[in-house]
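Here's the letter readout for the chains.
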Amino acid sequence: SDPSASDSRPLYDQSPYIINLDLSYERASSGTSVTVGANLTGERIVLTKVLGQDIYEHPPVSLDAAISQKLWKHWTARFSVKNILDDTYRKTYGQSFDGNIYESYKRGRTYGVSLSTEF
């Protein structure tokens, strides 16, 4: 076991903070709607270890956007993009962001297009 290990640690998979921001604009006369959302989450333990340091995930800022436009009387077109920044997810040994890397990856962007109707 690690003699320098603390007797306590943060809860597994619980971030010390979560910040969500949402900015929306809607113009009823033209049927246009625009939404931008951002999420920032603090580091969290994703793997606990008896021997050695715990593995922490350092999630990047997530930024999403959606635009919808009412087209004729009953139709609406929508375009969305998720994870616009596509920053790197990083998992490290120990709590430090600059610690030894356990795993690093990108999730990629997700695009969506839809056409819907209401009667």
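Here, every reference points to the structure presented above.
These notes cover the structure that comes with them. Everything numeric here is computed off the predicted structure, so don't read it as measured data.

Another point: the overall build of the protein chain. Looking only at helices and strands, the protein chain features zero helices and nine strands. Secondary structure elements of the protein chain occur, N-terminal to C-terminal, as β-β-β-β-β-β-β-β-β. Expected size for 119 residues packed as a compact globule is a radius of gyration near 14 Å; at 21 Å, the protein chain overshoots this value by more than 25%. Projected onto the principal axes, the alpha-carbon positions of the protein chain cover approximately 70 × 25 × 20 Å. Put simply, of all contacts in the protein chain between residues at least 6 apart along the chain, 52% involve residues at least 24 apart. With the model as given, the accessible surface of the protein chain reaches about 8,500 Å², and the carbon-plus-sulfur share is 54%. One way to put it: in the protein chain the 13 positive side-chain charges average out to a point 10 Å from where the 14 negative ones average out.

So, on to the packing of aromatic side chains. Tallied over the entire structure, the rule returns two aromatic pairs. A ring pair is formed by Tyr-89 and Tyr-105, whose centres lie 5.3 Å apart and whose planes are at 5°; its orientation type is stacked. In this pair, Tyr-89 sits in strand β7 (residues 89-93) while Tyr-105 sits in strand β8 (residues 101-105), placing the two residues 16 residues apart along the sequence. Its relative accessible area of 27% is what places Tyr-105 among the partly exposed residues. Taking NZ or CZ as reference, Arg-90 lies 4.5 Å from the ring centre of Phe-97, over its face.

So, about the environment of Ile-19. Tracing the sequence through the fold places Ile-19 in strand β1 (residues 18-27). The spatial distance from the C-alpha of Ile-19 to the C-alpha of Gly-42 is 8.8 Å, given a sequence separation of 23 residues.

Take Thr-92: it is sitting in strand β7. For Thr-92, a relative accessible area of 0% translates into the label buried. Along the primary structure Thr-92 and Ile-55 are separated by 37 residues, whereas in three dimensions their C-alpha atoms are 5.6 Å apart. In contact with Thr-92, other than residues within four places in its own chain, are Asp-54, Ile-55, Tyr-56, His-58, Phe-97, Gly-99, Asn-100, Ile-101 and Tyr-102. At 2.9 Å, the side chain of Thr-92 forms a polar contact with the backbone oxygen of Gly-94.

Overall, antiparallel pairing links the five strands, which are arranged β1-β2-β5-β6-β9 in an open sheet. With one partner strand each, in any of the chains shown, β1 and β9 (110-117) form the two edges of the open sheet. Strand-to-strand twist in this sheet, taken as the mean axis angle between neighbours without regard to direction, amounts to 10°. Examined bridge by bridge, strand β2 (residues 32-41) and strand β5 (residues 62-70) share eight bridges and lie antiparallel to one another. Pairing of Asn-39 across the sheet is with Ser-62, part of β5.

Reading the values: rules and limits
- Residues numbered from 1 in each chain as written.
- Predicted model: local features only at pLDDT ≥ 70, side-chain atom pairs only at ≥ 80, totals over all residues.
- Heavy atoms only, no water.
- Helix = DSSP H or I, 4+ residues; strand = E, 2+ residues; numbered from the N terminus.
- Rg over C-alpha atoms; globule rule 2.2 N^0.38 Å.
- Contact = heavy atoms within 4.5 Å.
- Areas by Shrake-Rupley, 256 points an atom, 1.4 Å probe, with all protein chains shown as cover.
- Lys, Arg positive; Asp, Glu negative; His and termini not counted.
- Charge placed at Lys NZ, Arg CZ, Asp CG, Glu CD.
- Phe/Tyr/Trp six-rings, centres within 6.5 Å; stacked < 30°, edge-to-face > 60°.
- Buried < 20%, exposed > 50% of the residue type's maximum accessible area, 1.4 Å probe, protein only.
- Lys NZ or Arg CZ within 6 Å of the ring centre and 35° of its normal.
- Polar contact = N/O pair within 3.5 Å; in protein donor to acceptor, adjacent residues only side chain to side chain.
- Pairing = 2+ DSSP bridges.
- Axes fitted to C-alpha atoms, helices over the stretch in contact; angles between N-to-C directions.

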